[in-house]
Amino acid sequence: MSDEVAKRKQPKCQGAMSYTEEPHHKTNPRARTLFASGEGQEYTERFSSLRRRTVTVGAAAYSLGEKYRKNASRYYDCSKAVTFNEWADNETGEIKYTYGSGKPCRQRLCPCCQHLKSRVLVTQLQQVYEHHMQEMPDSIGLLLTLTVKNCTGDNLRDTVKQMHHSFGKLRRRVEFEGAVRGFFRSTEVTRNKENGTYHPHMHVLLMVPRRYLSKKSGLYITHDQWCEIWQDCLGVDYRPVVGITAITQEAMQKREKRTGGALTVKGAIKEVAKYCVKPDGFQETINGRFFTDAQVFQELFEGMRAHRLYAWGGEFDKIRKLLALPDVEGEINLDAEIEEAEKPRQNYTHIAKILMGWEKTACDGLGGYVPLSRLDLATGEVQVLYDERWSGGG
C-alpha cells in the first residue's frame, strides 16, 4: 500500500480509531516508569498493544450503527485500568509480573479477552491432560485438524454451523467411539486477505490408548480413512483436507526431521487453545498503527455469534467437571481465572499489586498504560506513582 493511500485511510481525529505500535513509555514522556527491570515494561507493552487493538475494534463496531453500539461500549471499557501482580523469586530475588485484574468485557472478538481466555484454556487443558494421564497412563495424544473449503462472509455462520453439526456426527461414529477416550475441540477462523474469503477449521486434541498405533489393534484409523469419514460427515462432494499427528516421542522425532519442528504435548495444547480469530485476521497495521476493518468485523461477529467454539468430550469432560473448571464461554470470572492461571506455582512470593491506568492523548493515536499506584503487600503501604491527574481516557 502506498504512503498516500495509507495517509488517506488514517482518521484525522476520531478518538480511538487507531493506535500506534510504538511503546508508550517512549512516545509519552509523562508515562512514568516504575519497573527497574525490562521485563515489567515489556509485559506492560504487550498488554498495551492488545488494548490498542481492542479500542480500534470498538471504533469499528461503533461505526456500524445502533445495533453494535452496546458492544462498542464494552470494547472501549475493557481493561481501562488493570492490576499487575509483582512476584519475587525466593532464591534469586528476580522480579516477575503477572496479570491480576482488569474487568475484561469477555467479547468474542476482543483481542484483550481472547488473549486472557487462551491463557485460561491452556491452563485448564494442561490440568485435565495431567489428570487423565494419571488415571490412564497408557494414553497418547493425537492432534486432529478438520477443514472445509473457504467460504464468503455471508456464508460463514452456516459453514461453522455445518462443521459443528458434522463433528457431532463424527464423534458418534463407531471408529471414533471405539478409539477416543476424551477430546477437546476448538474452532478457529482465519481470513484470506487476498480474496476476502474465510477459512473455518477445527483443532481437536484426542486421547487414545497407545495400542491405537498398532494397525492390528482394530482401532487405528489411517489418514485416508479420516478424510473419508470427515467427508461423509460433512456430506460434501469434495475431499476435505484433514491433518492427523500422533504426539509420541517417535512421531515427534519423525516430524522434526521432516519439518524442522517437533510437536510436543504442550505445543498441541497451545495449538487447540489459541485464539478463535487472530486479531491480524480483521486488523491491519499501517505506518505502525492498528486499524480494524468494520465490514470484516461485522462478518466475523455475525458469522461466529451464538456458536460454541470450544467443546470437551468423553473423559476430558468428566475430568473438567470433577475439577470444577469454569466454562470460558459462559459467565466466567475471567479476572479470577487468569490471575490463578498465571500465578507462579512455587519459589515465588507475592510482594505487590500495581495499578495501571490507560492514558490516551487526544488525537495523535498514542495510548498505553501508566503506573498509578503500588500496594506493598508486606506493609500495606500504598505508593502513588503518577502525580498528575489521570484522565482515565479511552
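Cut-offs and rules
- Residues numbered from 1 in each chain as written.
- Predicted model: local features only at pLDDT ≥ 70, side-chain atom pairs only at ≥ 80, totals over all residues.
- Heavy atoms only, no water.
- Salt bridge = Lys/Arg side-chain N within 4 Å of Asp/Glu carboxyl O.
- Buried < 20%, exposed > 50% of the residue type's maximum accessible area, 1.4 Å probe, protein only.
- 1 Å grid on protein atoms, 1.4 Å probe; cavity = no way out; pocket = protein on both sides within 12 Å on 5 of 7 lines; lining within 4 Å.
- Points joined across faces, edges and corners; volume = space filled by probe spheres on them.
- Nonpolar A, V, L, I, M, F, W, Y, C, P; charged D, E, K, R; others polar.
- Phe/Tyr/Trp six-rings, centres within 6.5 Å; stacked < 30°, edge-to-face > 60°.
- Helix = DSSP H or I, 4+ residues; strand = E, 2+ residues; numbered from the N terminus.
- Core = buried A, V, L, I, M, F, W, Y, C linked by side-chain atoms within 4.5 Å.
- Contact = heavy atoms within 4.5 Å.
- Pairing = 2+ DSSP bridges.
- Axes fitted to C-alpha atoms, helices over the stretch in contact; angles between N-to-C directions.

What should I look at first to understand the pattern of salt bridges in this one?
Two side chains with opposite charge may pair up if their charged atoms get near one another. What the rule picks out here adds up to 23 salt bridges. In this structure, the salt-bridge partner of Lys80 is Asp77, at a minimum N-O distance of 3.8 Å. Exposure remark for Lys80: the relative accessible area of 26% places this residue in the partly exposed category. The shortest N-O distance in the salt bridge between Arg173 and Glu175 comes to 3.5 Å. The class for Glu175 is partly exposed, based on a relative accessible area of 33%. Within this structure, Glu188, Glu271, Lys274 and Lys278 form a network of salt bridges that share partners.

It is not clear to me how empty space enclosed by the protein should be interpreted in this structure. Could you clarify?
Summary: where empty space remains is shown by rolling a probe the size of a single water molecule over the atoms. On inspection of all chains with the given rule, the structure shows 2 cavities of 30 Å³ or more. A volume near 70 Å³ is recorded for the second largest cavity. Taken together, Arg108, Gln114, Lys117, Cys276, Leu309, Tyr310 and Glu329 form the lining of the second largest cavity. Class assignment of the residues belonging to the lining of the second largest cavity gives a composition of 3 nonpolar, 1 polar and 3 charged.

Can you help me understand the packing of aromatic side chains in this one?
Aromatic ring pairs: the centre-centre distance and the angle between the two ring planes describe each pair. Scanning all chains against the criterion turns up 15 aromatic pairs. Residues Phe167 and Phe176 carry aromatic rings whose centres are separated by 6.3 Å and whose planes lie at 85 degrees to one another, so their mutual orientation is edge-to-face. One exposure class covers both Phe167 and Phe176, and it is buried. Measuring from centroid to centroid gives 5.9 Å for Phe176 and Phe183, while their planes differ by 75 degrees, and the two rings are edge-to-face.

Just to check I follow, could you spell out the layout of surface pockets for this structure?
The space that makes up the largest pocket amounts to roughly 600 Å³. Among the elements that make up the lining of the largest pocket, the one with the highest residue count is helix α5 (residues 111-135) (7 residues). For the lining of the largest pocket, the residue count by class is 11 nonpolar, 5 polar and 8 charged. Within this model, the second largest pocket holds a volume of roughly 460 Å³. If you go around the second largest pocket, you meet 20 residues; those closest to its centre are Arg106, Gln107, Arg108, Lys117 and Ala306. Counting residues per element, the ones that place at least two in the lining of the second largest pocket are α4 (69-77) and α11 (294-304). In terms of residue class, the lining of the second largest pocket is made up of 8 nonpolar, 4 polar and 8 charged.

Mind showing me how you'd approach the nonpolar core here?
Most often, soluble globular proteins keep nonpolar side chains buried together rather than apart. Counting residues in each nonpolar core, the largest one holds 62 residues, and the members touching the most others are Phe47, Tyr75 and Leu300. For this core, the leading source of residues is α5, giving 9 residues. Contacts of Leu300, omitting those with residues within four sequence positions, involve Leu109, Leu156, Val189, Tyr198, Val277 and Phe282. Judged by nonpolar contacts, the second largest core, of 29 residues, contains Leu142, Ala179, Val204 and Val236.

Would you mind going over the sheet that holds strand β5 (residues 198-209) with me for this structure?
Backbone hydrogen bonds are what pair the strands of a sheet, in a parallel or an antiparallel way. Strand order in the open sheet formed by 5 strands is β6-β3-β5-β4-β9, with antiparallel pairing between adjacent strands. The outermost strands of the open sheet, each flanked by one partner alone, are β6 (242-247) and β9 (310-314). Strand-to-strand twist of the sheet, defined as the mean angle between neighbouring strand axes without regard to direction, takes the value 20 degrees. Across 5 bridges, the pairing between strand β4 (residues 182-191) and β9 is antiparallel. For Arg185, the partnering residue across the bridge sits in β9 and is Ala311.

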